[in-house]
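If you want the building blocks of each chain, they are given just below.
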Amino acid sequence: MADVVFSNVQKTFGTFTAVRDLDLTIRSGEFVSLLGPSGCGKTTTLRMLAGLEFPTGGTISIDGKVVNDTAPGKRDIAMVFQSYALYPHMTVAKNIAYPLKKRGVPAAERDQMVAKAAEMLQLTPLLNRKPGQLSGGQQQRVALGRALVRDPKVFLLDEPLSNLDAKLRGYMRAELVELHARLGRTMVYVTHDQLEAMTMSDRIAIMLNGDLQQFAPPQEVYRFPANRFVAGFIGTPSMNLIDGELTRAGSGWRFCAASLDVPVGPLNDMAQPGPACLGMRPESLSLGAGEQMAKVLLVEQTGHENIVTLQFAGQIRLTARTTAAQDLQMGADVAFAIDTSALHVFGPGETGPRLNRLLENKSSETDGQT
Amino acid sequence: MSRPNTATPLERRYAMLGVILIAPTILVFCAVIVYPLFSAIYLSLFQIFTPTLQGSFVGLENYQRLFQRSEFWISLRNTLVWTIGTLTLQILLGVAMALVLHQNLWFRSLARSLILFPYFVSTVVAVLVWRWLFNDLYGILNHLMISVGLIDWPLDFLGSSPNAMISVILVGAWKYFPFVVIAVLARLQTIPEPLYEAAKIDGAGPIARFFDITLPQLREVLVVIILLRAIWDFKEFDLIFLLTGGGPLITTQTLPLLVYKEAFALNQMGMASAYAVVMMAIMLVFMVVYVLKTRNKDESR
Ligand SMILES: Nc1ncnc2c1ncn2[C@@H]1O[C@H](COP(=O)(O)OP(=O)(O)OP(=O)(O)O)[C@@H](O)[C@H]1O
Ligand SMILES: [Mg+2]
């Protein structure tokens, strides 16, 4: 059982900053995902925690102990690599036994532990094969087996499912969640797939260009994105983001863009009249009735629902979600209404901060739950 | 070569094309390898005077005489001592140097080109330099060893018995270890870095990482290197001939030197051919062992 604390961690490669001022406290036993687009510093963060990369500033501690100068083998962590990194000349059994052997576990005990891990991951019939003779999913399980055979304090996983096909990925996702529940160990999971992060994590750390954007449970990240980037990154199809102007209206605020003019309710202290961004989830648009008109550009059928792309006021594109039953013709005009109780307002810029008041109330509420 | 009868006309045309394309190679191969091979076997059945190439058929008598001669056995032993000694040094030195050069050193690219130097230098030049270094009157090696107090009296590196063989082995190792460095370095660069990182996390120190990851990954390339170098060292001629000429007496005379002596000093072409054929037979044994070994490995995979 161990918590992991990054405080003020910095990593630069030459003049390039890969991770900037990272403060992150991972609780003991928690499943945390590092999520973000390619090149945002997820792997670098994980590798610093593993001891494969050295921070150029700040401290990392595991279980209250600063590990900046501790060798990877002494940190009591286990890591699953994206490429699995199985030892190609060793059998599956030897691969799984290797970390035990290097820690001086006697052979008899080692065999027992390997057998137990193999059973848990259904690898028993494969123990005498070499990694080259295994499928991707099997290799992935061996890599997991090598990590969990020794019961480390922290598990680190770097996109372990990215090489698997969609079906196997879904299956392994469930397996990992179950494994986490059973072992109760701290797990840090790197992914660029928001579905993985949303479904598996206790909390998600979203990064962009080396900066932490938000660190919160999946529901909170979805419902109260901390800034414009998070809002656009989380959710499929992604949130509609419309640039426009914010104006004061009595005690509240209004947002205008082209012919759109909606009340956005009370905002926080950061709100200022001027350029801003309005965000609305596709599900907060309802088609068929309402005071606004838009043209249907595209209808994508996913089976149980349709994703509809609308063109509004000449240049604004919106995505809406409707039931598959609703019959819409491409090119036709359709009326729509906006659920004004579920609007998000962000400041200008790529990472414009959330301006709704709701954030503070709700985040303390969710914190209380966990 | 049995081809299935089910071949379509197109496949047969492709097969024809293959035969036409490969024919020149086969012809050249026959001219430069198969012909000399059989002519050596043929010549070994005659007693021939080299300058006139006149001789008489003697059957297997050359072979009978050869196995009875102690000179043959001494030369064979010298060949084995030389081959095993120089090859071992080449491999140890080559792998060690490759590991050093594989580290991220700022002078790595410079060192890599420098390391090839002995391999580039023509054997004649290299041997001249070494003979000068080894010289017991004015050689720098003796001078250095005396000045640091290692020896009291100049050593005769090339003219006394075990010294000559040791010197030849050392020069051979110096001359050919760059080949090992280059081949091993090329392989080292293809070993995926995550393997080392995984081993680090699994608690393996630098020495464990070498034996558990680097060495097994190098095994295949080392087998090839050892085989190639063993063949080349086994038939090495110029380096030994120029350095010691086989002496003192015949203590560094290897089989190739014996063949040369028989053919061009004693003018016994038939006998020389017999030696050459025996040499070839010995190398054939190496090759068969190698082929069997690699085949077993492929199957057990
Ligand atoms: N050894 C290195 N030298 C220089 N730059 C590096 C090095 N390693 C990573 N970087 C840079 O640091 C940034 C973050 O890299 P990192 O591997 O952490 O990205 P990532 O978030 O894991 O992306 P991905 O999803 O593509 O794996 C990238 O822009 C990358 O180019
Ligand atoms: Mg990565």
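This structure is a prediction, so every number in the text was calculated from the model and none was measured.

Procedures and definitions
Residues numbered from 1 in each chain as written. Chains lettered and ligands numbered in written order. Predicted model: local features only at pLDDT ≥ 70, side-chain atom pairs only at ≥ 80, totals over all residues. Heavy atoms only, no water. Helix = DSSP H or I, 4+ residues; strand = E, 2+ residues; numbered from the N terminus. Buried < 20%, exposed > 50% of the residue type's maximum accessible area, 1.4 Å probe, protein only. Contact = heavy atoms within 4.5 Å. Areas by Shrake-Rupley, 256 points an atom, 1.4 Å probe, with all protein chains shown as cover. Phe/Tyr/Trp six-rings, centres within 6.5 Å; stacked < 30°, edge-to-face > 60°. Near = heavy atom within 4 Å. Polar contact = N/O pair within 3.5 Å; in protein donor to acceptor, adjacent residues only side chain to side chain. Nonpolar A, V, L, I, M, F, W, Y, C, P; charged D, E, K, R; others polar. Buried area = accessible area lost by both parts, 1.4 Å probe. Salt bridge = Lys/Arg side-chain N within 4 Å of Asp/Glu carboxyl O. Patch = residues over 30% accessible without salt bridge, like charges linked within 9 Å, V, L, I, M, F, W, Y side chains within 5 Å. Lys, Arg positive; Asp, Glu negative; His and termini not counted. Charge placed at Lys NZ, Arg CZ, Asp CG, Glu CD. Domains from an automatic or database assignment. Pairing = 2+ DSSP bridges. Axes fitted to C-alpha atoms, helices over the stretch in contact; angles between N-to-C directions.

Asks: Looking at this structure, I do not really get the overall build of chain A. What am I missing?
Replies: The number of helices and strands found in chain A is 9 helices and 19 strands. Dimensions of chain A, computed from C-alpha atoms along their principal axes, come out at roughly 75 × 45 × 40 Å. Relative to its 370 residues, chain A shows a buried fraction of 53%. Considering only intrachain contacts with a sequence separation of at least 6, the fraction spanning at least 24 residues in chain A is 65%. A total of about 16200 Å² of accessible surface is found on chain A, and carbon and sulfur atoms cover 50% of it.

Asks: How should I be thinking about the packing of aromatic side chains in this particular structure?
Replies: All names here are of chain B. According to the stated counting rule, one finds 20 aromatic pairs over all chains in the structure shown. Taking 5.3 Å as the distance between ring centres and 80° as the angle between the ring planes, the aromatic pair formed by F46 and F57 counts as edge-to-face. Placement of F46 in strand β1 (residues 46–49) and of F57 in strand β2 (residues 54–57) is noted, with a sequence separation of 11 residues between them. Residue F46 is classed as buried on the basis of its relative accessible area of 16%. Centroid distance F179 to W232: 5.4 Å. Interplanar angle 70°. Geometry classified as edge-to-face.

Asks: Please explain the site of ligand 1 as it appears in this structure.
Replies: Residue and element names in this part refer to chain A. All residues adjacent to ligand 1 are F13, F16, A18, S38, G39, C40, G41, K42, T43, T44 and E159. K42 places a side-chain nitrogen or oxygen 2.8 Å from an oxygen atom of ligand 1. Taking E159, its side chain carries an N or O atom lying 3.4 Å from an oxygen atom of ligand 1. Across the complex, the protein chains shield 60% of the 640 Å² of accessible surface that ligand 1 would expose by itself. Of all the secondary-structure elements, those providing two or more residues to the shell around ligand 1 are β2 (16–26) and α1 (42–50). Residues belonging to the shell around ligand 1 are distributed by class as follows: 4 nonpolar, 5 polar and 2 charged.

Asks: Is there a simple way to explain the interface of chain B and chain A in this structure?
Replies: Chain B puts 16 residues into the contact, and the matching count from chain A is 23 residues. Summed over both sides, the interface of chain B with chain A buries roughly 1500 Å², with 60% coming from carbon and sulfur. Three residues stand out in chain B for area buried against chain A, namely I201, D202 and D212 of chain B, and they jointly supply 41% of the buried area on that side. Across the contact surface, chain B and chain A share 3 salt bridges. For the interface between chain B and chain A, the tally reads 9 residue pairs in polar contact (both at pLDDT 80 or more). Put simply, the parts of the chain that give the side of chain B that touches chain A at least two residues each are α9 (193–201) and α10 (206–234) of chain B.

Asks: Can you help me understand a positive patch on the surface in this one?
Replies: A surface patch of positive charge is lined by K94, K101 and K130 of chain A together with R219 and K293 of chain B. Here K94 of chain A shows up in helix α2 (residues 92–102). A relative accessible area of 53% places K94 of chain A in the exposed class.

Asks: For this particular structure, what's the right way to read the domain arrangement of chain B?
Replies: For interface size, the figure often reported is the accessible area lost on association. Residues and elements named next belong to chain B. Each assigned domain of chain B is listed here: domain 1 (9–43) and domain 2 (71–128 + 158–300). A C-alpha centroid distance of 31 Å is found between domain 1 and domain 2. Between domain 1 and domain 2, the residue contacts involve 4 residues of the former and 5 residues of the latter. The junction of domain 1 with domain 2 conceals about 340 Å² of combined surface from both sides, 82% of it contributed by carbon and sulfur atoms. The three residues of domain 1 that bury the most area against domain 2 are L37, A40 and L43, which together make up 81% of that side's buried surface.

Asks: When you look at the pairing of strand β17 (residues 316–323) of chain A in this model, what are you seeing that I'm missing?
Replies: Note on strand geometry: in a regular strand, side chains alternate between the two faces of the sheet. Residues and elements named next belong to chain A. For strand β16 (residues 305–312) and β17, the ladder comprises 8 bridges, and the chain directions are antiparallel. Paired with E305 across the bridge in β17 is T323. Hairpin geometry of β16 and β17 is characterised by an intervening segment of 3 residues between the two adjacent antiparallel strands and by a positive phi of about 55° at A313.

Asks: When you look at the sheet that holds strand β1 (residues 4–13) of chain A in this model, what are you seeing that I'm missing?
Replies: Sheet strands pair by backbone hydrogen bonding; their relative direction is either parallel or antiparallel. Residue and element names in this part refer to chain A. Judged by pairing direction, the sheet is antiparallel, and its 4 strands sit side by side in the order β2-β1-β4-β5 without closing on themselves. With partners counted over all chains shown, the strands left at the sheet margins are β2 and β5 (65–66), one partner each. Of the strand pairs in this sheet, strand β4 (residues 57–62) and β5 are connected by 2 bridges, and their pairing is antiparallel. Its bridge partner being in β5, S61 is matched across the sheet by V66. Docked against the sheet, α1 engages β1, β2 and β4, running at close to 115° with respect to β1.

Asks: Would you mind going over unusual backbone geometry with me for this structure?
Replies: Trans peptide bonds make up most of the peptide bonds, and negative phi angles are found at most residues other than glycine. T236 of chain A connects to P237 of chain A through a cis peptide bond whose omega is -10°. Within the secondary structure, P237 of chain A sits in the loop between α8 (228–233) and β11 (240–249). A positive phi is found at E159 of chain A, a non-glycine position, where the angle reads about 40°. Residues other than glycine seldom take positive phi values, yet N267 of chain B does so here, at roughly 60°. For N267 of chain B, the position within the fold is in the loop between α12 (255–265) and α13 (269–300).

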